[in-house]
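# Architecture and fold: a report
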Amino acid sequence: MNAKVKCANPDCSCVPADGKEFCSDSCAVAKDRPQLACECPHPDCMGEH
Ligand SMILES: [Zn+2]
Ligand SMILES: [Zn+2]
């Protein structure tokens, strides 16, 4: 278990599943479409929802 891996979306603080770069599809989309707030569904996310 690698606790250092964070979602590749800089606005997001969530931890993706093993082998994943993003915690959710919304973050994967955000890479190509920069946005101010993270739209992932995780309640623990530090990004603004
Ligand atoms: Zn997030
Ligand atoms: Zn994320």
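What comes next concerns the included structure. (Residues numbered from 1 in each chain as written. Chains lettered and ligands numbered in written order. Predicted model: local features only at pLDDT ≥ 70, side-chain atom pairs only at ≥ 80, totals over all residues.)

## Regarding the overall build of the protein chain
Just so we agree on the cut-off: Note on conventions: DSSP H or I runs of at least 4 residues are helices, E runs of at least 2 residues are strands, and numbering of each starts at the N terminus. Buried means a residue has 20 or more other C-beta atoms within 10 Å of its own C-beta, exposed means 12 or fewer, and partly exposed covers the counts in between; C-beta atoms are placed from the backbone. Here, residue contact means that the backbone-derived C-beta atoms of the two residues sit within 7 Å.
Along its length, the protein chain carries one helix and zero strands. For the protein chain, the proportion of its 49 residues judged to be buried stands at 27%. A separation of at least 24 residues holds for 27% of the contacts in the protein chain among residues at least 6 apart in sequence.

## Here's the deal with the environment of His-42
Along the chain, His-42 falls in the segment after α1 (25-32). Taking the C-beta count within 10 Å as the criterion, His-42 has 18 such neighbours and is therefore assigned partly exposed. Spatially, the C-alpha atom of His-42 lies 7.4 Å from that of Cys-14, the residues being 28 residues apart in sequence. Setting aside its immediate chain neighbours within four residues, His-42 contacts Cys-14 and Cys-23.

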